[in-house]
Amino acid sequence: MLNKETSSLTHDVACDVCEGVPAVVFRLLLPSGGGPHRFLSFSRDIECYTEKTPQALVADQGLFWRCIHPDDREAFAALLEDSLSAGENLEAECRLGNE
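Predicted model, so just to flag it, every value in this text is computed and none were measured. (Residues numbered from 1 in each chain as written. Predicted model: local features only at pLDDT ≥ 70, side-chain atom pairs only at ≥ 80, totals over all residues. Heavy atoms only, no water.)

1. Side note on the overall build of the chain
Here is step 1: From N to C terminus, the chain includes five helices and two strands.
Here is step 2: Counting over 99 residues, the chain shows a buried share of 32%.
Here is step 3: Long-range pairs, those at least 24 residues apart, make up 47% of the contacts in the chain between residues at least 6 apart in sequence.
Here is step 4: Surface exposure of the chain reaches about 6000 Å², of which carbon and sulfur atoms provide 52%. (Helix = DSSP H or I, 4+ residues; strand = E, 2+ residues; numbered from the N terminus. Buried < 20%, exposed > 50% of the residue type's maximum accessible area, 1.4 Å probe, protein only. Contact = heavy atoms within 4.5 Å. Areas by Shrake-Rupley, 256 points an atom, 1.4 Å probe, with all protein chains shown as cover.)

2. Some remarks on the environment of Glu47
Here is step 1: Residue position: Glu47 is located in helix α2 (residues 46–50).
Here is step 2: In this structure Glu47 comes out as partly exposed when scored by relative accessible area, which is 39%.
Here is step 3: Expressed as a C-alpha distance, the spacing of Glu47 and Gly97, which sit 50 residues apart in the sequence, is 9.7 Å.
Here is step 4: With residues near it in sequence (within four places) discarded, Glu47 still touches Lys52, Thr53 and Pro54.

That is the geometry; function is a separate question.
Laid out in structure tokens, this is it:
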């Protein structure tokens, strides 16, 4: 995960590096005035795990969370918040499916 606003080129490079590796890369926008983060993009491989396009996941901000296995959502959310608070990239495992 690239948890800071970065250029599309950097995200594209990260996605290319991860292609063929069982991983999903996503980019978040962190509002400067607080408030909820917003998914900006997902690597192409997300479709293999969720049957959802990256564009669909960006358009419906809750869709990605619904694709995370219910037993993994709380732990994944906590790890994401911890990484955001620390200003670090997130490396986590969770089960993904089609909602």
